[in-house]
Structures are given as C-alpha cells and as structure tokens.
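Here's the letter readout for the chains.
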Amino acid sequence: MNKHNHSHHEDNFAKKVASLDNMKRREGFPPEQLLKQVSINANDTILDIGAGTGFLTIPAAKVTDGLVYALDIDPKMLQLIQSRAEDEGLKNIQTIQKDMKELPLSANSVDIVLASLVLHEINPLSETLQFINQVLKAKGTFVCVELEEEKNESHLPRIASATMEKQLEQTGFEISKKFHPTDAIYVIIAQKKQ
C-alpha cells in the first residue's frame with residue numbers, strides 16, 4: 001500500500017510540474033517578458049514566493065548577480081529548482097523550504113518580491129502582504145501575477161485585481177503598473193512606500 005501511495009505521489013508531482021511548466025503558460029506570458037517590466041539592477045536581491053518549478057526564479061537569477069531566494073513549502077520543487085540552476089550554471093539561487101510566515105529573511109532586506117499565481121492559495125491575504133512589505137527595502141518592488149476572477153468559475157480560489165489593488169494600497173504599497181497579459185491573468189507592480 002505504501003508503495004502505491006508513493007507512486008501516486010510521484011504522479012501528482014509530475015502533473016504539478018507539467019502544469020506549472022506548460023508551454024502555453026510560457027508562450028502566453030514568458031517570464032522574461034514579466035521581468036522586463038521591472039527595473040532589476042545588477043546586484044538586486046530577489047525573493048520568489050511559491051517558486052514552484054523555478055518559472056520565475058531561473059530567469060530572475062540570470063538578470064541579477066544578487067541572491068535570488070526561491071521560497072516554497074514543497075521540498076521536491078526546491079530540488080527541481082536546484083538541479084535546474086546547476087544545469088544553467090547559476091550560483092546565486094538559494095532555496096528556502098518554509099511557509100511565508102516563517103520566512104527567515106530580515107526586514108528591509110529584499111529589493112524585489114515576485115509572487116506568481118500563489119497568493120490565492122495563502123490566507124489571510126492581508127497578513128501575507130504585510131510580510132512582503134516587511135522584507136522589502138524602502139521603495140522595493142512587489143510583482144504580483146494572479147488569475148483574474150471570473151463570474152462563472154467560483155470553484156477555483158481567485159483574487160480579483162480590484163481586491164488585490166485595494167489590499168496592496170492598505171498595506172502601504174503604491175501601484176506603478178497594472179496590466180492583463182492575457183484575459184485570465186493580471187499583473188500588478190507596486191512599490192513599498194517608505
């Protein structure tokens with residue numbers, strides 16, 4: 001029975017990787033294109049929340065010499081990122097297997113925080129945005145990629161862009177850019193005020 005569970009778990013992981021890495025997602029909105037929307041300096045420190053397969057972590061590590069933290073609760077995802085980083089010869093990625101609330105980074109220590117398709121899974125949102133605001137340096141950048149709320153699809157957890165904007169403003173962010181790369185996805189880029 002244990003063996004069966006193990007292989008079932010493997011299948012789930014493979015499915016999750018396939019869905020996170022799917023080419024359609026990449027074509028619809030290439031990670032490099034997203035990163036071009038943000039001015040990243042050569043020594044910026046970046047935190048990728050819910051890093052998954054490294055969809056943003058790997059491209060981010062190529063545009064900065066600073067550290068890129070890949071935060072995820074799934075150790076297998078982090079192993080995947082680690083091996084991809086090695087394949088690409090990237091030495092500036094540090095994986096962190098923690099929950100957002102247990103983030104071992106000090107306040108005002110990160111230049112850019114990336115959160116792609118993950119915030120709808122973390123509750124409460126306001127608390128998570130508070131943590132993000134805390135780790136960001138003054139005038140630091142937060143990049144949020146989320147699924148737009150659809151009237152007829154209530155079975156999937158989503159955060160409407162208007163709700164996200166309001167929450168960000170209440171948490172001390174100033175929104176500098178907002179756009180929909182596809183109908184289903186929105187991007188909000190915001191700066192920490194002080």
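In this text the structure is predicted, and so the values were computed from the model without any measurement.

Peer 1: It is not clear to me how the environment of glutamine 33 should be interpreted in this structure. Could you clarify?
Peer 2: Relative to the assigned elements, glutamine 33 resides in helix 3 (residues 31–36). A relative accessible area of 40% means that glutamine 33 is categorised as partly exposed. Considered as a pair, glutamine 33 and proline 59 are 26 residues apart in the sequence and their alpha carbons are 9.9 Å apart.

Peer 1: Looking at this model, I keep getting lost on the pairing of strand 7 (residues 185–192). Mind explaining?
Peer 2: Here is the key point about a regular strand: its side chains alternate between the two faces of the sheet. Extensive coverage of strand 7 is indicated by the burial of seven of its eight residues. Strand direction decides the pairing type here: strand 5 (residues 136–147) and strand 7, joined by seven bridges, are antiparallel. By the bridge assignment for strand 7, cysteine 144 is matched with isoleucine 188. Between strand 6 (residues 173–179) and the antiparallel strand that follows it, strand 7, lie five residues.

Peer 1: Is there a simple way to explain the pattern of salt bridges in this structure?
Peer 2: Pairs can form between side chains of opposite charge whenever their charged atoms are close. One pass over the full model with this rule turns up four salt bridges. Here aspartate 111 ties to lysine 137 by a salt bridge, and the two come within 3.3 Å at their closest N and O atoms. Residue aspartate 111 is found in strand 4 (residues 110–116), and its partner lysine 137 is found in strand 5; the two are separated by 26 residues along the sequence. On the basis of relative accessibility, which here comes to 16%, the residue aspartate 111 falls in the buried class. By relative accessible area, lysine 137 is classed as partly exposed at 31%. Of the charged contacts, one joins glutamate 165 and lysine 178 as a salt bridge, the two residues approaching to 2.8 Å between their closest N and O atoms. In this pair, glutamate 165 sits in helix 7 (residues 161–170) while lysine 178 sits in strand 6, placing the two residues 13 residues apart along the sequence. Given the relative accessible area of 39%, lysine 178 is considered partly exposed.

Peer 1: Please clarify how the nonpolar core should be interpreted in this entry.
Peer 2: Residues Leu47, Ile49, Val113, Leu119, Ile132, Phe142 and Met164 are the most contacted members of the largest nonpolar core, which totals 28 residues. For this core, the secondary-structure elements that each account for two or more residues are strand 1 (46–49), strand 2 (68–72), strand 4, helix 6 (125–135), strand 5, helix 7 and strand 7. The element that contributes the greatest number of residues to this core is helix 6, accounting for four residues. Once residues within four sequence positions are removed from consideration, methionine 164 is found in contact with Leu119, Leu125, Cys144, Glu146, Ile159, Tyr186 and Ile188.

Peer 1: Can you walk me through the sheet that holds strand 3 (residues 93–97) in this structure?
Peer 2: What links the strands of a sheet is backbone hydrogen bonding, and the strands pair in either a parallel or an antiparallel sense. Reading across the sheet, the seven strands line up as 3-2-1-4-5-7-6 and stay open at both edges, with mixed pairing between neighbours. Two strands in the sheet have a free side with no partner beyond their single neighbour: strand 3 and strand 6. Averaged over all neighbouring strand pairs, the angle between strand axes comes to 20°, with direction disregarded. Bridge count between strand 6 and strand 7: six bridges; the pairing is antiparallel. By the bridge assignment for strand 7, phenylalanine 179 is matched with valine 187. The strands that helix 5 (residues 75–88) touches are strand 2 and strand 3; relative to strand 3, the one it contacts most, it runs at about 175°. Against the sheet, helix 6 contacts strand 1, strand 4, strand 5, strand 6 and strand 7, and its axis sits at roughly 145° relative to strand 5.

Peer 1: So what exactly am I meant to see when it comes to the environment of glutamine 82 here?
Peer 2: Tracing the backbone through its elements, the reader meets glutamine 82 in helix 5. Each C-alpha atom, one on glutamine 82 and one on glycine 54, is 8.9 Å from the other, the two residues being 28 residues apart in sequence. Not counting residues up to four positions away in its chain, the partners in contact with glutamine 82 are Ile93 and Thr95.

The rules we used
- Residues numbered from 1 in each chain as written.
- Predicted model: local features only at pLDDT ≥ 70, side-chain atom pairs only at ≥ 80, totals over all residues.
- Heavy atoms only, no water.
- Helix = DSSP H or I, 4+ residues; strand = E, 2+ residues; numbered from the N terminus.
- Buried < 20%, exposed > 50% of the residue type's maximum accessible area, 1.4 Å probe, protein only.
- Pairing = 2+ DSSP bridges.
- Salt bridge = Lys/Arg side-chain N within 4 Å of Asp/Glu carboxyl O.
- Core = buried A, V, L, I, M, F, W, Y, C linked by side-chain atoms within 4.5 Å.
- Contact = heavy atoms within 4.5 Å.
- Axes fitted to C-alpha atoms, helices over the stretch in contact; angles between N-to-C directions.

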